[in-house]
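Structural overview
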Amino acid sequence: MKIVLRKTVRRMVMLLVAFSTFIVGFLAFYFYAEAASFLFKPKQSTPETTPTLTTRMAAPSILSPSFASTTPEYEATDSEQPACQNCIQDDICGLCEPLTGEYENYNYSFALTIPADLVAMKAPEPAYDYGFIARLSSDSQATIEVEGIYNEEAWDSLNQAVNTHIEYLKASAKDVVVFKRNPARLGKRPAMRYVVQYTNISTGLPMIEDKTIAIRKDGEEKIYWIVYAVSLRTPAWRYERNIAALEKVLKAWKETETHDC
């Protein structure tokens with residue numbers, strides 16, 4: 001009887017030890033799995049580590065037949081979108097801030113009073129300020145552009161700048177004919193003014209561009225010279241009527257003191 005009891009107790013002890021060993025092993029495996037999952041799981045994306053999508057601000061260029069250039073000058077993240085309360089959408093300018101009255105461009109040191117018969121607009125901050133574009137109140141198909149840009153093409157002369165621009169126009173339009181190309185003045189600075197007629201490829205309409213270009217040669221580095229441009233782009237048959245608005249802008253244009261960084 002005692003022998004049977006001892007065997008029973010021994011079996012119970014063995015079963016208890018086996019059960020305890022199983023429990024300890026299961027718990028050890030569980031905690032190991034949890035630790036491995038924590039240590040090796042992929043890092044979650046956060047606002048600080050996830051690159052945000054960018055939007056590019058269109059900028060004007062005197063080398064392009066259109067005010068809206070395809071070359072980005074600024075990349076603004078979603079969190080940096082311009083806080084413009086009165087901005088409007090324009091098919092040429094894009095997202096634009098309306099302008100009236102006195103306008104001064106601190107980047108390129110020029111200013112003018114915007115004539116009342118122009119609907120002027122520029123890209124809002126944080127886009128770089130090259131100048132503005134304006135539609136004529138009496139002719140929404142006509143635009144006037146006022147802009148400044150550094151001489152990245154390293155032009156030596158006005159003739160070289162004009163030649164380059166006409167070549168760019170020939171590459172994006174057809175039937176380009178230069179009607180006039182004469183020395184002129186932009187404010188007090190020597191300039192070159194030319195009138196070109198061309199056919200818009202997308203619309204087939206005959207157009208005229210009347211542009212005045214001046215170069216501000218500050219310093220020895222040509223790429224840091226400033227190129228100024230004031231131009232009218234209008235349907236050809238309304239050029240004689242619309243040229244008066246361009247003359248107002250040319251008369252109002254003036255250089256200002258350089259604002260060094």
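All of these numbers come straight from a predicted model, not from anything done at the bench.

**Some remarks on the sheet that holds strand 7 (residues 118–122)**
- Spatially, 9 strands are ordered 3-4-7-8-9-13-12-11-10 in an open sheet, and the strand pairing comes out antiparallel. Both edges of this open sheet fall to strand 3 (88–90) and strand 10 (174–186), since each of them pairs with a single strand only. The mean angle between the axes of side-by-side strands here comes to 30°, regardless of whether they run parallel or antiparallel.
- In this sheet, strand 13 (residues 226–235) lies alongside strand 12 (residues 206–216) in antiparallel orientation, the contact comprising 10 bridges. When the bridges of strand 13 are listed, Ile208 appears paired with Thr234.

**Things to note about the confidence of the model for the chain**
- With 67% of its residues at a pLDDT of 70 or more, the chain shows a mean pLDDT of 78.
- Scored below 50 in pLDDT, residues 38–80 shows 69 contacts in the model against residues more than four places distant or in partner chains.

**So, the pairing of strand 5 (residues 102–105)**
- Residue alternation in strand 5 divides its side chains into a buried set, Tyr103 and Asn105, and an unburied set, Glu102 and Glu104.
- Sheet analysis places strand 5 next to strand 6 (residues 110–113), joined by 4 bridges and oriented antiparallel. Each bridged residue has a counterpart across the sheet, and for Tyr103 the counterpart in strand 6 is Leu112.
- The hairpin turn running from strand 5 into strand 6, its antiparallel successor, is 4 residues long, and Ser109 in that turn takes a positive phi close to 60°.

**Things to note about unusual backbone geometry**
- Here the amide bond leading from Glu125 into Pro126 is cis, since omega sits at 10°, within 30 degrees of zero.
- With respect to the element layout, Pro126 can be found in the loop between strand 7 and strand 8 (131–136).
- One non-glycine residue, Ser109, lies in positive phi territory at about 60°.
- Positionally, Ser109 belongs in the loop between strand 5 and strand 6.
- Taking relative accessible area as the criterion, Ser109 reaches 2% and is therefore assigned buried.
- Of note in the backbone geometry, Asp175 takes a positive phi value of approximately 55° without being a glycine.

**Quick word on the pairing of strand 7**
- Burial analysis of strand 7 places 4 of its 5 residues in the buried class, which makes it a mostly covered element.
- Taken together, the 3 bridges between strand 4 (residues 94–99) and strand 7 define a ladder with antiparallel strand orientation. Bridge pairing in strand 7 places Pro98 opposite Met121.
- In the sheet, strand 7 pairs with strand 8 via 4 bridges, with the strands oriented antiparallel. Bridge pairing in strand 8 places Met121 opposite Ile133.

**Points about the environment of Glu97**
- Along the chain, the position of Glu97 falls in strand 4.
- A residue is classified by how much of its surface remains accessible, and Glu97, at 25% relative accessible area, is partly exposed.

**Quick notes on the sheet that holds strand 6**
- Read across the sheet, 3 strands follow the order 5-6-14 without closing on themselves; strand pairing throughout is antiparallel. Strand pairing shows two members of the sheet lacking a second neighbour, strand 5 and strand 14 (254–255), which therefore form its edges.
- Sheet analysis places strand 6 next to strand 14, joined by 2 bridges and oriented antiparallel. Each residue of the ladder has a partner; that of Phe110, found in strand 14, is Glu255.

**Comments concerning the side chain of Thr212**
- Mapped onto the elements, Thr212 comes out in strand 12.
- Overall, Thr212 belongs to the buried group, its relative accessible area being 1%.

What counts, and at which threshold
Residues numbered from 1 in each chain as written. Predicted model: local features only at pLDDT ≥ 70, side-chain atom pairs only at ≥ 80, totals over all residues. Heavy atoms only, no water. Pairing = 2+ DSSP bridges. Helix = DSSP H or I, 4+ residues; strand = E, 2+ residues; numbered from the N terminus. Axes fitted to C-alpha atoms, helices over the stretch in contact; angles between N-to-C directions. pLDDT = per-residue confidence, 0-100. Contact = heavy atoms within 4.5 Å. Buried < 20%, exposed > 50% of the residue type's maximum accessible area, 1.4 Å probe, protein only.

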